[in-house]
Amino acid sequence: MDTVTRRKFLIASGVVGGAALVAGAGAYTLHDVLATADHPSAGPGDRTLVLVTLYGGNDGLATVIPYADRAYHDARADLAYDAAEVLRLDDRTGLNPGLKGLKALYDRKQLAIVRGVGYPRPDRSHFRSMDIWQTANPVRPAGTGWLGRWLDHAGRDPRSAISLEPVLPPVLAGATCAGAAVPLGGVSVPKAVTAADLRALGAAADGEPELQARAAACFADLLSVDQLVTEALDADDDDDPDHGDDPATGTGGAQATLKAQFDLVAACVEAGVMTRVFSVSQGGFDFHAGEKTGQEIQLKTVDAAVSGFLDRMGRTERGRKVVVVVYSEFGRRVRANSSDGTDHGTASDVLIAGAPVAGGRLIGDQPSLTDLDDGDLKFHTDFRDVYAAVLTDVLGADPGPVLDGWRGRLDGLLLST
Amino acid sequence: MADRKLAAHLLRRATFGPTAAEIDAAAARDHGDVVAGLVFPKGADPVAPLPVFAADPYFGRTGMLSREQRAQARRAARDQLTHLAEGWLARMVRADHQLAEKLVFFWHGHWATSAQKVNSATLMAGQLATFRAHGRGDFALLAKAMLRDPALIFWLDGQRNTARGPNENLARELMELFTLGVGAYTEKDVKAAARALTGWTLDRDQGTAVFQPKRHAAGEHAVLDGTARDADSLADLLLRQHAHPVFLASRLWFRFGSGAPLPDATRDRMVAAYGSGRDVSAMLGTLLTDDQFEASGGQLVKQPVEWAVGALRQLGVAPTGKVAATVLNAIRRMGQVPLRPPSVGGWPAGTAWLTTSSLQVRMRAAAALGAALPDATADLLARGDAAARVDAIGRLLAVDAWTGRTRAALTGAAARPQRLVTLALISPEYAVH
């Protein structure tokens, strides 16, 4: 298994500059947060997005499998799954056997699979392609992420979009503000440091370098995030004793599993925090060798985390407004390499799950396995069409300014409210 | 004679954190001589070498071992890797040739190979030795050595790349991340370069890279504007590209200069200094004496390793025993553990390190460092009134000036050296350089 984990991929290319990250949240209480979240203008607007990034280039053909296609078996030989192995969706397509929970969601019509998603002139570099998906700009490097720009337009409060990764992904960096990176373990401060110290060191100082100002702002963010998270977790304990022992606080940030990230999202949603966008991730999908076993293990962890989360979400009204979107920077080459792995490819599937999803459907055809673009699948749906649908129907936002005037949109992905 | 502020700026960037005495000494000398002394240090560094591991307990031997032996070997490999990482951190603290050591760390983030997959202290230590031997001077020697480096080959599946079944992983990252940068090549070039690299495989018992002619795709493979038949001719071809010195200059700039784009004039001077001899030292020396570099104070965020190793050096805390384990654990939690970069792209830079999570870890590590303060340092910080103590900790940590905000916070803690140190280490002023 190629453990080039992309989980902590971030800004390595310098694509997201310091100017994008001048966030500075004041201190709010949970009471303030709830007041905004339960605003009377509830409509599509009070749905919540959980964006799941799979770093490393998840193999779409090993996730949503065209098991009846002869060309698939010809190209994949030992890597291919046959009809008896897959979880059948129809007489041509099946899910990877590791995705039992997602199959149940599909059967309950709460999972839609958009096929053949990509962008023109696909880039097969992990970093460049992930930049493209996160900035939603396939043409040139951009300084902001698409959800960061949404944040710019949606009130500029860092707590509207939070990342449960140890470092903030570019997708949440806007031009005038950025989402907050929330530590999974909750906030802990050593005895030598008092709350008064935090407030003092978090004050802005005239004329200091921008990065130094950003370092100071972390202190202020820490105080407000602390309030948000601890109150969310306290509320979780009160409301749902079954989840009181959840490992939401038990796993260290850098090593956090996808499930631990989802546990905190669940606690926040149930507590009714103001956060509208959660970013979670899992790395380890770059299988240049020994793919079949490794991929199945990876997908099982995704499956357990996503389906467990949505099962829990089904129990509350707020939870039933949560939409999970799963994507990766690209799929893999159609033909297996001789190491029983696959090299970097192009078009792949985007999974959209949750009660508000018009699910139980495959959207768009499987791209041809014989009519290829230099050995790779030809995409037919631009990923910005999916983003536009998410912005409109999940976040209740106008996709125009966020997606640089992009006009495409995948209609009917979400149930109307 | 250079001014003290410039000397401090230079040493903050070119070392793992200068002591006050080092800054005083540099400020008393000619600035050009100081840079030359950093870039071309004389003689061998007397600092203790990294540990050498006689036998590799795990790498490549799993097939021969029972389940229990495998688990034991895995544990032994993990212990060796921890031992190596701690040894390297101690070396960063103690090395006289600070810039040479920092370059080894730079290359580790550039040819970013992780023990996560390689799982062998022998191979990881071997790669570090290659950085040490070839990390200065002619880059071609480094590139060719790396294409034979067993850790890199294994990390990027080079041993699975054969004439009959190409695996493009190493070829792609060689062009994208190690020599040229994105956009300077096409998919066709990746495929052809992968063929030029075929034939290299691993002797897993010896932990060495071996060339097997039978697995090599013979012939000339068309890459970019030329052809390559093997790893060396591919390296020569890539390093001849105009994009190469420009790419390397900006990698060095982002690491030693600023997070802002490399100014054209500075880039041109660096590329000229690199020259046809591909002299990395000359390129870096040019960067460090450039007026744009001199104006770049405060434009880089200290990476966790720089932050922690710098604090150990400046406070005089010995990087051994419990402290070493605490520091290693802290930088792991901040997201940067030596020998385990997160991906082949290396570690992030800039604001990526300035998050609420990493602040929390920094606070705990700072408190641990404050508690481990040697008597001499504690005594130094117990002299005079509060204002004198706040100045003293600033001088100790090579902070040019405290803002009013931080000065007020430190003044409130000045009565207790450990608390003073803790707050100074987590201050916004100490987070950047």
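Structure: see above.
How each quantity is defined
- Residues numbered from 1 in each chain as written.
- Chains lettered and ligands numbered in written order.
- Predicted model: local features only at pLDDT ≥ 70, side-chain atom pairs only at ≥ 80, totals over all residues.
- Heavy atoms only, no water.
- Helix = DSSP H or I, 4+ residues; strand = E, 2+ residues; numbered from the N terminus.
- Buried < 20%, exposed > 50% of the residue type's maximum accessible area, 1.4 Å probe, protein only.
- Contact = heavy atoms within 4.5 Å.
- Areas by Shrake-Rupley, 256 points an atom, 1.4 Å probe, with all protein chains shown as cover.
- Salt bridge = Lys/Arg side-chain N within 4 Å of Asp/Glu carboxyl O.
- Axes fitted to C-alpha atoms, helices over the stretch in contact; angles between N-to-C directions.
- Parallel < 35°, antiparallel > 145°, perpendicular 65-115°, else oblique.
- Pairing = 2+ DSSP bridges.
- Polar contact = N/O pair within 3.5 Å; in protein donor to acceptor, adjacent residues only side chain to side chain.
- Lys, Arg positive; Asp, Glu negative; His and termini not counted.
- Patch = residues over 30% accessible without salt bridge, like charges linked within 9 Å, V, L, I, M, F, W, Y side chains within 5 Å.
- Charge placed at Lys NZ, Arg CZ, Asp CG, Glu CD.

The next thing to look at is the overall build of chain A. Along its length, chain A carries eleven helices and twelve strands. Relative to its full complement of 417 residues, chain A shows a buried share of 63%. Expressed as a percentage of contacts within chain A between residues at least 6 apart in sequence, the contacts between residues at least 24 apart total 75%. Within the structure as shown, chain A displays about 14,500 Å² of accessible surface, and the carbon and sulfur contribution to it stands at 50%.

Pairs can form between side chains of opposite charge whenever their charged atoms are close. Under the definition given, this model contains 42 salt bridges over all chains. Here the salt bridges do not stand alone but share partners, grouping R124, R333 and D376 of chain A together with E168, R172 and E187 of chain B into one network.

All names here are of chain B. Note on placement: L339 falls in the loop between α18 (321-334) and α19 (356-371). Separated by 13 residues in sequence, L339 and A352 have C-alpha atoms that sit 19 Å apart. Those residues in contact with L339 that lie beyond four places of it in its chain are L81, L84, A85, W88, H108, T113, S114, A115, M124 and L128.

Bringing the packing of helix α10 (residues 169-179) of chain B against helix α13 (residues 243-257) of chain B into the picture now. Residues and elements named next belong to chain B. With their axes 9 Å apart at the nearest point, α10 and α13 run at an angle of 55 degrees to one another. It follows from the interaxial angle that α10 and α13 lie oblique. Side by side, α10 and α13 meet where E176, L177, F178 and T179 of the first sit next to H244, F247 and R251 of the second.

Let us look at the sheet that holds strand β4 (residues 94-95) of chain A. All names here are of chain A. In space, the three strands of this open sheet follow the order β2-β4-β3, with antiparallel pairing throughout. Each edge of the open sheet is held by one strand with a lone partner, namely β2 (64-65) and β3 (87-88). Of the pairings in the sheet, the one linking β3 to β4 comprises two bridges and is antiparallel in character. Bridge assignment links R88 to a residue of β4, and that residue is G94.

All names here are of chain A. Tracing the backbone shows R333 in the loop between β9 (322-328) and β10 (348-353). What makes R333 buried here is its relative accessible area of 9%. In sequence terms R333 and K321 are twelve residues apart; their C-alpha atoms lie 36 Å from each other. In terms of polar contacts, R333 uses its side chain to reach the backbone carbonyl oxygen of H344, at 3.3 Å.

Next up on the list: the side chain of D303 of chain A. All names here are of chain A. Along the polypeptide, D303 turns up in helix α9 (residues 291-313). Nearest to the buried, unbridged D303 among oppositely charged side chains is K100, at 7.8 Å. Ignoring anything within four residues of it in the chain, the contact list for D303 reads G98, L99, K100, G101, L102 and G308.

Residues and elements named next belong to chain B. Taken together, the side chains of R67, R74, R75 and R78 define a basic patch exposed on the protein surface. Within the element layout of this structure, R78 appears in helix α4 (residues 67-94). Residue class for R78 comes out partly exposed when judged on its relative accessible area of 47%.

With that settled, consider the pairing of strand β5 (residues 111-118) of chain A. Residue and element names in this part refer to chain A. With respect to burial, β5 is a largely interior element, eight of its eight residues being buried. Alignment of β5 against β10, held across five bridges, turns out to be antiparallel. Across the sheet, L111 pairs through a bridge with A353, a residue of β10. As judged from the three bridges shared by β5 and strand β11 (residues 361-363), these two strands associate in the parallel manner. Bridging from a neighbouring strand, V114 pairs with I363 of β11. When β5 meets strand β12 (residues 381-382), the two strands line up parallel, connected through two bridges. Note on β12: the bridge partner recorded for G118 is D382.

Distances and angles like these do not, on their own, reveal function.
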